[in-house]
Amino acid sequence: MNFFQNFKATAQAEHVEGEAVSAVEKHFVFPVLLFAAFAASLLSSLNPFSRALPWIDSSVFLAIGEGMRKGMVPYLDFFDHKGPLLYLINYIGLCLGGKTGVWVLELIFLIVSILFAYKSARFFASWPAALVGTLCVFTILPEFFMKGNMVEEYALPFIFISLYIYTENFLKGRELGWGRVFILGVCFGATLLLKPNLFAVWACFSFVVFMLRIREKKYNSAAGFVFWFGVGTVAVAIPFLFYLWVRGAMVDFFDQYVLFNGKYAASGGGVFRFAANVLLSLNRPFVFPVLLLVFYRISRTINTRESLFHVVCSASILLTILLCSATSYSGAHYCTTLLPLFVPAMAWGCWKLFELAAPFKPGIIRVVLICSILGIAFNLQIRHGASEVYSILNPGRTRYDPYSDDKLRRVTDAVANRISEADEMIVLGSNCNLYSCASVRPATRYIYQWPIGEISPEIAERFQSDVLAKKPALIILSWPYVRVTPKLEMDMGGVRRHFPRVTALLESDYEQVFAENGLAVVFERKKKRLTL
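Residues numbered from 1 in each chain as written. Predicted model: local features only at pLDDT ≥ 70, side-chain atom pairs only at ≥ 80, totals over all residues. Heavy atoms only, no water.

Caption draft 1: Structural detail: the overall build of the protein. Summing up its helical and strand segments, the protein has 22 helices and 7 strands in all. Excluding contacts between residues fewer than 6 apart, the proportion of contacts in the protein whose partners are at least 24 apart in sequence is 75%. Carbon and sulfur atoms form 64% of the exposed surface of the protein, whose accessible area is close to 23,000 Å². (Helix = DSSP H or I, 4+ residues; strand = E, 2+ residues; numbered from the N terminus. Contact = heavy atoms within 4.5 Å. Areas by Shrake-Rupley, 256 points an atom, 1.4 Å probe, with all protein chains shown as cover.)

Written out as structure tokens, the structure is:
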């Protein structure tokens, strides 16, 4: 079978996705998707070939996972506001094989994501166009990945699986029986156990599914949908809640995951900051082109189930952007969950491109034409991804680059020479890599303080009280209180502004003993001199 024989396949779901899987598709597509998932996994600093440090957020999750291996409990012994499933993933990965074990789980999540992305794309295009559309979506991943082990990355397979089920219902007319609704609930519950604001897909699609059943006067079916969706959500949540209750961490879980996240969302900085974040999210790669494709497709399929699907899909994109923009900090990784919603438009767009190229003969001209157009469109994204992988495999290209294992090793050696097994230390900032690699117990549950200490003055006060009460052997300044400059600089103004009592303690009872540019400044408690 000619690779480009099926360029002009119809985009109707019942004619595309329902096609028998050809030998070429079976033996070519899936190996390509597996390779693409592996290539994407190299963006993670936890991959076995990496010499780069995990990013700040990832270092927190790894530190909590490592603490769980030692019998400590999330929320009770560590303050963090993410969901318990995230810590379980890091715990399991570390038990399997340290950071490489976590990377293996990342790879599995990416494989599931890309396979269901392709399955969804097949509703909109023949398999060559669906494959290219899927790969195009995943070229955007480097923009959001931030060295891996991030919350949104682990949410991707649950969103992709759910979107596939919804797409099959809308475009192919497959009834959402109790089993599929239960799976939707499980996927929603699992995502809720990662982060509370990743619900856009379920909110939009489930609402429309429910209202369609009400409109058709299928009241029992509507009630059944709500029931089985709820059962799936509760089923995945019960084991986690039982664990937290048994370990005495339920109150802390509620305080950190519910109450603090409410404060975090309310810290957005007002209407102007929110609007700026929305514009920033809309300016992310290919958001506008995808929305344009979606709106064009809606205009071409007006008053059909496919048109309704694209309306709900665009509503999910916009709701995701609004949720990403609620806090004062709008990180690129927040937009990772847009990728599943890009698949329908990208697949259909590639199918139209293949259709336009179909008259060109021989096939090699079509190959060159399509590759040229897509190469120009995605050139910057592909180069950006290659650059990210290179920086992870070969960090420290300049002497001012702080994100290398070599620099961390020097800090770890400095810590080991100045601390005993019974001692404790504090990392002032957000770089929890220093706890994990030095194997030193933190002197406080607030293993990082930025931005939680700035959002909640109560946390800043409790942290300072812990430091003054413990007076740990070492206090280490890290990002964002250490600047990457040709000449190492400390942002003592920022420390003094948010933690004045810790600053006074540093100046009176501690002395600087080691510094690694851009990574850490180590302060050791002064030894008391005996007087005769």
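After that view, the rundown keeps rolling.
Caption draft 2: Seen up close, the sheet that holds strand β7 (residues 520–525). Pairing in this open sheet of 5 strands is mixed, and the strands run β2-β1-β3-β7-β6 from one edge to the other. Among the strands making up the open sheet, the edge pair consists of β2 (441–442) and β6 (510–516). Examined bridge by bridge, strand β3 (residues 474–477) and β7 share 4 bridges and lie antiparallel to one another. Bridge pairing in β7 places Ile-475 opposite Phe-523. Set on the sheet, helix α17 (residues 405–416) makes contact with β1 (424–428), β3, β6 and β7; between it and β6 the angle comes to about 150 degrees. (Pairing = 2+ DSSP bridges. Axes fitted to C-alpha atoms, helices over the stretch in contact; angles between N-to-C directions.)

Caption draft 3: Broad picture of the packing of helix α4 (residues 84–121) against helix α5 (residues 127–138). The geometry of α4 relative to α5 is characterised by a closest axis approach of 9 Å and an angle of 135 degrees between their N-to-C directions. Judged by the angle between their axes, α4 and α5 are oblique. Two packed elements cross with a definite hand, and for α4 against α5 that hand is right-handed. Where α4 approaches α5, its residues Ser-113, Ile-114, Ala-117, Tyr-118 and Ala-121 are matched on the opposing element by Trp-127, Ala-130, Leu-131, Thr-134 and Phe-138. (Parallel < 35°, antiparallel > 145°, perpendicular 65-115°, else oblique. Left-handed = near helix turned anticlockwise from the far one by under 90°.)

Caption draft 4: Expanded view of the pairing of β6. Pairing between β6 and β7: 6 bridges, direction antiparallel. By the bridge assignment, Phe-514 is partnered in β7 with Val-522. Between the end of β6 and the start of β7, which pair antiparallel, lie 3 residues, with Gly-518 showing a positive phi angle near 80 degrees.

Caption draft 5: Region of the structure containing helix α8 (residues 178–192). Here α8 spans 21 Å end to end across 15 residues, near enough to the 21 Å set by a 1.5 Å rise per residue. Every buried residue of α8 is listed here: Arg-180, Val-181, Leu-184, Gly-185, Cys-187, Phe-188, Gly-189, Ala-190 and Thr-191. Next to the buried residues of α8 lie α4, α7 (151–172), α9 (200–215) and α10 (219–246). (Expected span 1.5 Å × (residues − 1). Buried < 20%, exposed > 50% of the residue type's maximum accessible area, 1.4 Å probe, protein only.)

Caption draft 6: Spatial organisation of the packing of aromatic side chains. Considering all chains together, one arrives at 30 aromatic pairs under this definition. Centre to centre, the rings of Phe-116 and Tyr-164 are 5.7 Å apart; their planes meet at 75 degrees, and the pair counts as edge-to-face. Linking Phe-116 in helix α4 with Tyr-164 in helix α7, this pair joins segments that are 48 residues apart in sequence. Looking at Phe-116, the relative accessible area reads 22%, which means it is partly exposed. Cation over ring: Arg-305 sits above Phe-170, and NZ or CZ is 5.0 Å from the ring centre. (Phe/Tyr/Trp six-rings, centres within 6.5 Å; stacked < 30°, edge-to-face > 60°. Lys NZ or Arg CZ within 6 Å of the ring centre and 35° of its normal.)

Caption draft 7: Expanded view of the pattern of salt bridges. In this structure the tally under the stated criterion is 18 salt bridges. A salt bridge links Asp-252 to Arg-445, with the shortest nitrogen-to-oxygen separation between them at 2.9 Å. Within this pair, whereas Asp-252 is found in helix α11 (residues 250–266), its partner Arg-445 is found in the loop between β2 and α19 (452–455), the two being separated by 193 residues in sequence. For Arg-445, a relative accessible area of 23% corresponds to the partly exposed category. (Salt bridge = Lys/Arg side-chain N within 4 Å of Asp/Glu carboxyl O.)

Caption draft 8: View of a nonpolar patch on the surface. Taken together, the side chains of Leu-241, Phe-242, Trp-245, Val-246 and Met-250 define a hydrophobic patch exposed on the protein surface, amounting to about 520 Å² of accessible area. Take the nonpolar patch: its biggest share by element is 4 residues, from α10. Along the chain, the position of Met-250 falls in helix α11. (Patch = residues over 30% accessible without salt bridge, like charges linked within 9 Å, V, L, I, M, F, W, Y side chains within 5 Å.)

Caption draft 9: How the structure looks around the nonpolar core. Grouped together as the largest cluster of nonpolar side chains are 166 residues, with contacts concentrated most on Leu-194, Phe-205, Phe-342, Val-415, Met-425, Ile-447 and Leu-477. Top element by residues in this core is α4. It accounts for 15 residues. Not counting residues up to four positions away in its chain, the partners in contact with Met-425 are Val-415, Ile-419, Leu-434, Tyr-435, Ala-438, Val-440, Arg-441, Pro-442, Ala-443, Pro-472, Leu-474 and Ile-476. (Core = buried A, V, L, I, M, F, W, Y, C linked by side-chain atoms within 4.5 Å.)

Caption draft 10: The arrangement of α9 in detail. Here α9 is 16 residues long and its end C-alpha atoms lie 22 Å apart, about the 22 Å a rise of 1.5 Å per residue gives. Every buried residue belonging to α9 is among Ala-200, Val-201, Trp-202, Cys-204, Phe-205, Ser-206, Val-208, Val-209, Leu-212 and Arg-213, and all of these are buried. Of the surrounding secondary structure, the elements contacted by the buried residues of α9 are α7, α8, α10, α14 (305–324) and α15 (339–357). Once α9 ends, the next one or two residues include Lys-217, with phi positive near 60 degrees.

Caption draft 11: Structural detail: the environment of Tyr-446. Structurally, the position occupied by Tyr-446 is in the loop between β2 and α19. Look at Tyr-446 and you get buried, because its relative accessible area is 2%. Beyond its immediate stretch of four places on either side in the chain, Tyr-446 contacts Phe-79, Ile-452, Ile-459, Arg-462, Phe-463 and Asp-466.

Caption draft 12: Just unusual backbone geometry, in detail. Omega for the bond connecting Trp-450 with Pro-451 falls within 30 degrees of zero, at 10 degrees, which places this linkage in the cis form. Note that Pro-451 resides in the loop between β2 and α19. Cis geometry marks the peptide bond from Trp-479 to Pro-480; its omega dihedral reads 10 degrees. Checked against the element boundaries, Pro-480 lands in the loop between β3 and β4 (482–483).

Caption draft 13: Looking closely at the packing of α7 against α15. Orientation of α7 relative to α15, taken along the N-to-C sense of each, is 40 degrees, at an axis distance of 9 Å. Accordingly, the angle class assigned to the pair α7 and α15 is oblique. Between α7 and α15, the residues in contact are Leu-156, Ile-159, Phe-160 and Leu-163 and Leu-339, Pro-340, Leu-341 and Val-343, respectively. A breakdown of the residues in the contact of α7 with α15 according to their chemical character gives 8 nonpolar, no polar and no charged. (Nonpolar A, V, L, I, M, F, W, Y, C, P; charged D, E, K, R; others polar.)

Caption draft 14: Examining the environment of Ala-443 more closely. Along the polypeptide, Ala-443 turns up in the loop between β2 and α19. Ala-443 gets classed as buried once you look at its relative accessible area, which sits at 2%. Setting aside residues up to four positions removed in sequence, Ala-443 forms contacts with Glu-424, Met-425, Ile-426, Lys-470 and Pro-472.

Taken by themselves, the reported measurements are silent on function.
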